[in-house]
Amino acid sequence: MIELNFISNYSPTILKKGKVTWASPSNIALVKYWGKKENQIPENPSISFTLEACKTETELVFEPRNGTHDSFSFEVFFEGEKNEAFKPKIETFFKRIKDYVPFLKQYHFIINTSNTFPHSSGIASSASGMSALALCLMSVEKLLNPKITTTYCNKKASFLARLGSGSACRSIEGDIVVWGQHSEIEGSSDLFGVKYTEEVHSVFKNYHDTILLVDKGEKQVSSTVGHNLMHNHPFAQNRFKQAVENITTMKTILKSGDLKAFIALMESEALTLHAMMMASTPYFILMKPNTLEIINKIWEFRAETGLNIGFTLDAGANVHVLFPENEAVKINEFINKELVAYCQNGHYICDQIGFGAKQL
Ligand code: DP6
């Protein structure tokens, strides 16, 4: 499938005022996307678990405008209050997708959005937010062109979401998604995320992800800036090659259910991501002292108990603690007793692997 397939082709019906609503989840990458080319094309493939509890709910109200227009017209409300801060990112998103969504300038939009997790928690709201908005736009396209299929809508929603925020393209479906062309993943593409359809061991069913909120403040370096620092990075080419190999290894692990190997690869990916940041010019560190405290505690507890607790990190200080359902009681007890103390105001989010976005 090429980008041209996403250029809409339907009669220019004008819809009456209406609204569509989607809830779309966040996701956590096991093999990370870090580094991109022009037009949000990833330098390497990535694979993620879709989450269940961490979601953005977006209602898109559309109202036809009279005449022809050169600019977009929209208002954004976040948790019921008008929000100007989100507008530039959405304006950029609209500019990037306008050729694929030709009705964008024909309507005035009211975007009412809210998260199930605290906005200032430092967890990726761009993935859930951009995917929810992309899905709303696809629902409008479906009203204009009822012939389009759900498969096409999901694919194009992922394609559009990618142009808002790369990792957002992995939030449309679940429970495991691959984004980026990889020779061993059928149908994989740099243009959109695809549901992982290879064999997956039952141990990954209901897999838990407890997100420890170490630092809820604004990151000092945004992901977009961080990605750009991979251009001319001394280790970039080896990292991209390693990520491709790690997807192959992850495929074997997901099939076998070898949790020791799973944890080793997931933790190595997290630390490699942060090592790339530390080796960038200019260098930067997003982990905080409590990030390292938690990592050390997890390693100690794992060595003592043999339980399959592991961590991964996003581009931030928070720690995602991953573990299988059948060990959840003991691991939750450990998290409550030993790790919550390192969270800002004791805050953490209990989440688990989920099955993608839902229209409300
Ligand atoms: C570290 O998707 O936030 O979470 O495309 O610039 O919006 P933009 O970046 P973003 O990058 C996320 C990177 C990551 C790893 C991952 O999710 O694969």
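Calculation notes
Residues numbered from 1 in each chain as written. Predicted model: local features only at pLDDT ≥ 70, side-chain atom pairs only at ≥ 80, totals over all residues. Heavy atoms only, no water. UniProt positions renumbered as here; feature names shortened; annotations may be inferred. Core = buried A, V, L, I, M, F, W, Y, C linked by side-chain atoms within 4.5 Å. Buried < 20%, exposed > 50% of the residue type's maximum accessible area, 1.4 Å probe, protein only. Helix = DSSP H or I, 4+ residues; strand = E, 2+ residues; numbered from the N terminus. Domains from an automatic or database assignment. Contact = heavy atoms within 4.5 Å. Polar contact = N/O pair within 3.5 Å; in protein donor to acceptor, adjacent residues only side chain to side chain. Phe/Tyr/Trp six-rings, centres within 6.5 Å; stacked < 30°, edge-to-face > 60°. Lys NZ or Arg CZ within 6 Å of the ring centre and 35° of its normal. Near = heavy atom within 4 Å. Areas by Shrake-Rupley, 256 points an atom, 1.4 Å probe, with all protein chains shown as cover. Nonpolar A, V, L, I, M, F, W, Y, C, P; charged D, E, K, R; others polar. Pairing = 2+ DSSP bridges. Axes fitted to C-alpha atoms, helices over the stretch in contact; angles between N-to-C directions. Parallel < 35°, antiparallel > 145°, perpendicular 65-115°, else oblique. Left-handed = near helix turned anticlockwise from the far one by under 90°. 1 Å grid on protein atoms, 1.4 Å probe; cavity = no way out; pocket = protein on both sides within 12 Å on 5 of 7 lines; lining within 4 Å. Points joined across faces, edges and corners; volume = space filled by probe spheres on them. Buried area = accessible area lost by both parts, 1.4 Å probe. Salt bridge = Lys/Arg side-chain N within 4 Å of Asp/Glu carboxyl O.

In the nomenclature of an unreviewed UniProt entry, the protein corresponds to diphosphomevalonate decarboxylase from the organism Bizionia saleffrena. Here is the UniProt Sequence similarities (unreviewed entry) comment for the protein, exactly as written: "Belongs to the diphosphomevalonate decarboxylase family."

Draft legend 1. Up close: the nonpolar core. Grouped together as the largest cluster of nonpolar side chains are 75 residues, with contacts concentrated most on I47, F49, F94 and F262. Looking at this core, the element that brings in the most residues is helix α2 (residues 125-144), giving 10 residues. Both domains that meet at this core, namely domain 1 (3-198) and domain 2 (205-352), each give it at least three residues. Setting aside its immediate chain neighbours within four residues, F94 contacts F72, F74, L104, I111, L133 and L137.

Draft legend 2. Molecular detail of the side chain of N308. Relative to the helices and strands, N308 resides in the loop between α7 (289-305) and β11 (310-313). Classification of N308 by relative accessible area gives buried; the value is 9%. Within polar-contact distance, the side chain of N308 engages the side chain of K260 at 2.7 Å. Beyond its immediate chain neighbours, meaning those up to four positions away, N308 contacts Y207, L259, K260, I263, L322, F323, P324, E327 and I331.

Draft legend 3. Local environment of the packing of aromatic side chains. Summed over all chains, the structure comprises 21 aromatic pairs. With centroids separated by 5.4 Å and ring planes inclined at 40°, the aromatic side chains of F204 and Y207 adopt a geometry described as tilted. Neither F204 nor Y207 differs from the other in exposure class; each is buried. Taken together, the ring pairs connect F62, F72, F74, F93, F94, F103, Y107 and F109 into an aromatic cluster. Over the ring of F74 we find K87; its NZ or CZ atom is 5.0 Å from the centre of that ring. A cation over a ring is seen here: K105 above F72, with NZ or CZ 5.3 Å from the ring centre.

Draft legend 4. Local environment of the site of the ligand. The environment of the ligand is formed by 16 residues, the closest being Y33, K36, S165, G166 and S167. In the environment of the ligand, an oxygen atom lies 3.3 Å from a nitrogen or oxygen atom belonging to the side chain of Q40. In the environment of the ligand, an oxygen atom lies 3.0 Å from a nitrogen or oxygen atom belonging to the side chain of H227. Contact with the protein chains covers 93% of the free accessible surface of the ligand, which is 460 Å². Considering every element that reaches the shell around the ligand, the biggest residue donor is helix α4 (residues 223-228), with three residues. A breakdown of the residues in the shell around the ligand according to their chemical character gives five nonpolar, seven polar and four charged. A domain-level breakdown of the shell around the ligand finds at least three residues from each of domain 1 (3-198) and domain 2 (205-352).

Draft legend 5. Here's a closer look at the sheet that holds strand β10 (residues 208-212). Pairing in this open sheet of four strands is antiparallel, and the strands run β11-β12-β10-β13 from one edge to the other. A strand with exactly one partner marks an edge of an open sheet, and here the two such strands are β11 and β13 (348-352). The sheet shows a mean angle of 25° between the axes of neighbouring strands, direction not considered. Relative to strand β12 (residues 319-323), β11 runs antiparallel, the two sharing four bridges. If you follow F311 over to β12, its bridge partner there is V321. The strands touched by α7 are β10, β11 and β12; relative to β11, the strand with the most contacts, the crossing angle is about 160°.

Draft legend 6. Structural context of the UniProt feature "domain: Mvd1 C-terminal" (unreviewed entry) in the protein. Annotation from UniProt places "domain: Mvd1 C-terminal" (unreviewed entry) at residues 211-339. Annotation note: span residues 211-339, helix share 59%, strand share 9%, distance between end C-alpha atoms 11 Å.

Draft legend 7. The packing of helix α1 (residues 87-97) against α2, seen in detail. Look at α1 against α2: their axes get within 12 Å of each other, and the N-to-C directions meet at 50°. Put simply, α1 runs oblique to α2. Both α1 and α2 take part in a crossing whose hand is right-handed. Mapping the contact onto sequence places K89, I90, F93, F94 and I97 in α1 and S126, M130, L133, A134 and L137 in α2. Classifying every residue of the contact of α1 with α2 gives eight nonpolar, one polar and one charged.

Draft legend 8. Examining the layout of surface pockets more closely. When its volume is computed, the second largest pocket comes out at roughly 180 Å³. Contributing to the lining of the second largest pocket are V20, W22, L135, M138, S139, K142, L143, T150, C153, N154, A157 and Q359. Of all the elements, α2 adds the most residues to the lining of the second largest pocket, at five residues. Of the residues belonging to the lining of the second largest pocket, the class tally is seven nonpolar, four polar and one charged.

Draft legend 9. Structural view of the domain arrangement of the protein. Partitioning the protein into structural domains gives domain 1 (3-198) and domain 2 (205-352). Using C-alpha coordinates to define each centre, domain 1 is positioned 26 Å away from domain 2. Contacts between domain 1 and domain 2 engage 33 residues on the former and 42 residues on the latter. Both faces considered, domain 1 and domain 2 share a buried interface measuring about 3,200 Å² in area, 69% of it formed by carbon and sulfur atoms. The three residues of domain 1 that bury the most area against domain 2 are L30, K32 and W34, which together make up 26% of that side's buried surface. If you look at where domain 1 meets domain 2, you find two salt bridges. Ionic pairing is found between E198 and K251, a salt bridge with its closest N-O pair at 4.0 Å. Put simply, domain 1 and domain 2 have 14 residue pairs in polar contact (both at pLDDT 80 or more) between them. Ranked by the residues each element gives to the side of domain 1 that touches domain 2, the list is headed by strand β4 (residues 46-64), at eight residues. Along the lines of polarity and charge, the residues of the side of domain 1 that touches domain 2 split into 19 nonpolar, eight polar and six charged.

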